[in-house]
Amino acid sequence: MAVNSNSISVKHNSIVMYVDMNSYFASCEQQRHPHLRNKPVGVLTYDSPNASVIAASIEAKRMGVKTGMRLYDCKLVCPDIIPVTTHPARYRQIHVEIMAILRTYCDDVIAKSIDEALMNFTSYRLVYNDFTEIARKIKADITAKYDYLKCSIGIAPNAFLAKLATELQKPDGLIEITPDNIDGHLAKLKLTDLPGIASANERRLQMIGIKSPLEMRHSSEALLRKAFGGIVGNYWHKRLHFMEVDIYSNPFKTMSAARTLSKPIRESKQAMDSMLIALCMRLEQRMVKNKVFCKEIHCTIRYFDGNRWEAKIKLADPVQDGMHMRRYILEKMTDHERSHQITTLLTDKVQNLGVTVLSFVDEKLLQYGLFDNQMKQDVVRKVMYEMKDKYRKNIVRKGSEILVPGILKDAIGFGSVKDMSPDSDGAVVNKFMLEEDDDYEM
Ligand SMILES: [Mg+2]
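Residues numbered from 1 in each chain as written. Predicted model: local features only at pLDDT ≥ 70, side-chain atom pairs only at ≥ 80, totals over all residues.

Asks: Looking at this model, I keep getting lost on the packing of helix α10 (residues 221–228) against helix α11 (residues 231–239). Mind explaining?
Replies: Any two packed helices are characterised by how steeply their axes cross, that is the angle between the axes, and by the distance between the axes. Across the interface, α10 lies against α11 with an axial gap of 7 Å and an inter-helix angle of 130°. On the basis of their axis angle, the class for α10 and α11 is oblique. Regarding α10 and α11, the two cross each other, and that crossing is right-handed. Residues Glu221, Leu224, Arg225, Lys226, Ala227 and Phe228 of α10 lie in contact with α11, whose contacting residues are Val232, Gly233, Asn234, Trp236 and His237. Here the residues of the contact of α10 with α11 are counted per class, giving five nonpolar, three polar and three charged. (Axes fitted to C-alpha atoms, helices over the stretch in contact; angles between N-to-C directions. Helix = DSSP H or I, 4+ residues; strand = E, 2+ residues; numbered from the N terminus. Parallel < 35°, antiparallel > 145°, perpendicular 65-115°, else oblique. Left-handed = near helix turned anticlockwise from the far one by under 90°. Contact = placed C-beta atoms within 7 Å. Nonpolar A, V, L, I, M, F, W, Y, C, P; charged D, E, K, R; others polar.)

Below, the structure is given as structure tokens:
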């Protein structure tokens, strides 16, 4: 487990809300297609008996369908299952709308995945006096927009317990964990019911004599240190005692990459696009190295005549993938070109091209942290290997680029591979990557 390098913040009176959409992909399909409602639906990346179900509707789950099962096996337990191919763009669109609803209540909203968000209400303690009532309003707002979508909301003094509270009641849950009721809730759970405790951690705890979440909470910090072999044990102790160890910010403010274009590059639109890819990939490398994703991308084009074009792109889902960043930038360029009726922003008058990323989110919170359900990760990996077998090996790049199963299907169509040249091993590299950087901080 990754160690939290930031200092532990102990804030009394913190209020965190965790929102988890129930059976999200399947419910989005049922939202869009009323004939699928109240029926067992299995969402697949492609239509084949060998394909794995990446999401099952509430009805399919009740019949024993589990995420990751092959369609063929699903039919054995649930003969009426209706297979539906995934529509990532639809799920993202709804995600954006739901995030917008959450932001009407609180500025401090962090998307944890496409179907989960954390709302830090700590600075709103004097603004609202009943957070259960706020949670009900949020549910009502979501239902008003999407009548078939349900969510479980957890309220607690820290992110971990708020997330745990969403696991206690599904679908359509609303539970607050408080110092008064925590032991009652923990008493009903197994160790592996705690987000972040899978079988390896369960074994560690059992070896030291801790057999239940309740025993874990009432163990000393020293004993938990022994179980987890260090600081991670302190974190567990703090989580179960209402302290915050899972929300923290990253020290970087911005990262930039920019190049002044040479004449041969300015004169070829394709070369300029490749340069844009190189800049984005450079930033991807740096974000990977620093273990962060960004929620904001700025792109600047400077022209010889002193003019400049700037785009500021704010993202609902944090990105680290250079090709995704480039796609967002190209979309902005196309919008501008259309609305101003110009052929292209990338003319032979471009002097300098620059990309900056900012609003960083630590990747631990996105991928490897407590908030990732191990099952989901396993499914992503499995599905990815299926895709590798089915399509070309390099078509799906490294696993860390894929945050949620739904984005996977999009990964097949990422960017335009023609702008990249294969190296001797057949790996895709961009020839402009080999040029020297002239990075600058904006
Ligand atoms: Mg969910």
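Asks: Just checking my understanding: could you explain the sheet that holds strand β9 (residues 254–260) for this structure?
Replies: For sheets, the rule is that strands pair by backbone hydrogen bonds, running either parallel or antiparallel. The sheet built from four strands is open, its strands ordered β9-β12-β10-β11 with antiparallel pairing. The sheet is open, and its two edges are formed by β9 and β11 (308–319), each paired on a single side. Between one strand axis and the next, the sheet turns by 15° as a mean value, whatever way the strands run. Of the pairings in the sheet, the one linking strand β10 (residues 292–303) to β11 comprises eight bridges and is antiparallel in character. Bridge pairing in β11 places Cys299 opposite Ala311. Strand contacts of helix α13 (residues 269–290): β9, β10 and β12 (350–362), with the helix running at about 25° to β12, the strand carrying the most contacts. Sheet strands touched by helix α14 (residues 322–339): β10 and β11. Its angle to β11, the strand with the most contacts, is close to 135°. (Pairing = 2+ DSSP bridges.)

Asks: When you look at the packing of α13 against α14 in this model, what are you seeing that I'm missing?
Replies: At a minimum axis distance of 8 Å, the contact between α13 and α14 shows a crossing angle of 130°. Regarding the angle of α13 to α14, the classification is oblique. Taken as a pair, α13 and α14 cross one another with a handedness that is right-handed. Every residue of α14 that contacts α13 at Leu276, Ile277, Cys280, Met281, Leu283 and Glu284 is listed here: Gly322, Met325, Arg326 and Ile329. Residues that form the contact of α13 with α14 fall into these classes: seven nonpolar, one polar and two charged.

Asks: In this structure, what is going on with the pairing of β10? I would like to understand it.
Replies: A regular strand carries its side chains on alternate faces of the sheet. As paired strands, β10 and β12 are joined by eleven bridges and run antiparallel to one another. Bridging across to β12, Ile301 finds its partner in Leu353. Two successive antiparallel strands, β10 and β11, enclose a turn made up of four residues, where Gly306 displays a positive phi of approximately 95°.

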